Amino acid sequence: MSKKSGEELAKELPPNATMRDIFDFCKKNDIHSLAQGMIELPPPLKLRQIAANIVSEGSEIHQYRNRFGEDEYRDALVTLQEKRYHTKITKNNILATAGVSGALVSILMHLKNKKGLENLRGPGLIVPFYTYHAKQITDILGKQPVYVNSKQDFRADFDEIHKALFEGPGLDLLIFTNPGNPGGNLWTREEILKLVEMTEKAGCLLLIDEIYSDLVWKGEFYSPAQDKLYEHVLVARGFAKSLAAQSWRCGYLIAHETMINEIMKIHDPIYISVPWTQHAIGQYITQHFDDFVNHIEETGTLMKNNWKILAPALQKSLGWTPIDPEGSMYGMFFHHAKSDMDAIVAGLSKGVGVAPGSIFWPNNPQNTGYIRIHCGITEEKAKEIAAALSS
């Protein structure tokens, strides 16, 4: 643990530090970090063994892969959708992507090319939001998103959504994450179907980032793809969180076949192909589906238990009020400090780095009243952090 005071450490933080900045900072200063959503657990052993066998095969596996994704991967994903999500689709409704980010970047480029920057409405981003969604919109389109506020409990505010869609110029794309990052809120079936109906009426694409679809802590997960492939709805998923395969960059997009074909034409020249690791995930799902399910359930249980360890420890030590999550791998707190940075300093002084709420809100306000932690650590580390907080 660093011997520097919280104030000394805070002075070394870069202005408007992101969760990745804080993670790197904590690592440099020997401080426990709960800031960045990095799963500090290995992928399943059987998956790693399959990958080891595949990578040692002949040269063909190291060549460029199919532009839509290899049949072995997409066929496995079709099976996964039916067995786990009760969703019947074909591989023509699936595009292998370079993670969820690869899907989002390709969709933004598709809209830019199709509509032209001068005619493009939005895109809209539901607040609070994943920081890189905002950055990707800004970097690719050269303008800020249209921010759509939620209610204080992070539930959908349909009055605000209606304003964004139907009052003023409207939107051509609306993005949100389910379960939520950073809020940990789980959208209900009724809420999602209402949003699907509203965006369809407004002529707006709806992109749902479902990277945390396998990490649901309370309630029942629902995706519109379970009932119907709407022409304007795109669902992006991946395995960075559920299988802890963060550097593997294997994601996928579920959409109407027409949209899959259009997005592929954008994704292919940017990313060339999804890595060979797609073969390992495909074989793992096909050959060891029970192990896949067990791993996900064990990971989810671990994270929920870590929250039960960390939340009361942070509340007792720092006076932060926990907001119980319904899903994802995160938990939010009301910090009651004068600013988010004051809360960060208080955490650093106790030997733990957390993410300020400001990075998940428009224009990085000084005081959102929130901080966020992630729970993707070992139980031993969670207990170690809790013990340090109580000392």
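Caption draft 1: Representation of the overall build of the protein chain within the structure. Across its full length, the protein chain holds 13 helices and 13 strands. Its C-alpha radius of gyration of 21 Å places the protein chain within 12% of the 21 Å reference for a compact globule of 391 residues. Seen along its three principal axes, the alpha-carbon backbone of the protein chain occupies a region of about 55 × 55 × 35 Å. Counting across all 391 residues of the protein chain, residues that qualify as buried make up 59%. The long-range share in the protein chain, meaning contacts at least 24 apart out of those at least 6 apart in sequence, stands at 76%. Summing over all exposed atoms, the protein chain offers an accessible surface of approximately 16,600 Å²; the carbon and sulfur share of this is 48%. Of the side chains in the protein chain, 41 bear a positive and 46 a negative charge, and the two mean positions are spaced by 2 Å.

Caption draft 2: Inspection of the side chain of S33 at higher detail. By the secondary structure assignment, S33 is in strand β1 (residues 32-33). Each residue touching S33, except ones within four places of it in the same chain, is listed here: F23, C26, E40, G353, H374 and K381.

Caption draft 3: Just the sheet that holds strand β7 (residues 233-238), in detail. With respect to topology, 7 strands assemble into an open sheet ordered β2-β8-β7-β6-β5-β3-β4, the strand pairing being mixed. Sheet topology places β2 (94-97) and β4 (146-148) at the edges, where each strand pairs with a single neighbour. When the angles between neighbouring strand axes are averaged without regard to direction, this sheet yields 20 degrees. Here 4 bridges tie β7 to strand β8 (residues 251-254), and the two strands are oriented antiparallel to one another. The residue bridging R237 from the neighbouring strand is Y252, located in β8. Packed onto the sheet, helix α9 (residues 257-271) meets β2, β6 (205-209), β7 and β8 and runs at close to 20 degrees relative to β2.

Caption draft 4: The arrangement of the environment of W320 in detail. Structurally, W320 is set in the loop between α11 (289-318) and β9 (321-323). Sequence separation of W320 and F334 is 14 residues, and the distance between their C-alpha atoms is 5.6 Å. Beyond its immediate chain neighbours, meaning those up to four positions away, W320 contacts L314, Q315, F333, F334, H335, H336, A343, G347, V354 and I371.

Caption draft 5: Looking closely at the nonpolar core. Among the nonpolar cores identified, the biggest contains 78 residues, and L234, L253 and I373 are the most heavily contacted of them. The element that contributes the greatest number of residues to this core is α11, accounting for 8 residues. Excluding residues within four positions of it along the chain, L253 makes contact with N93, I94, L95, T97, A103, I107, L234, V235, A236, I260 and I263.

What counts, and where the lines are drawn
- Residues numbered from 1 in each chain as written.
- Predicted model: local features only at pLDDT ≥ 70, side-chain atom pairs only at ≥ 80, totals over all residues.
- Heavy atoms only, no water.
- Helix = DSSP H or I, 4+ residues; strand = E, 2+ residues; numbered from the N terminus.
- Rg over C-alpha atoms; globule rule 2.2 N^0.38 Å.
- Buried < 20%, exposed > 50% of the residue type's maximum accessible area, 1.4 Å probe, protein only.
- Contact = heavy atoms within 4.5 Å.
- Areas by Shrake-Rupley, 256 points an atom, 1.4 Å probe, with all protein chains shown as cover.
- Lys, Arg positive; Asp, Glu negative; His and termini not counted.
- Charge placed at Lys NZ, Arg CZ, Asp CG, Glu CD.
- Pairing = 2+ DSSP bridges.
- Axes fitted to C-alpha atoms, helices over the stretch in contact; angles between N-to-C directions.
- Core = buried A, V, L, I, M, F, W, Y, C linked by side-chain atoms within 4.5 Å.

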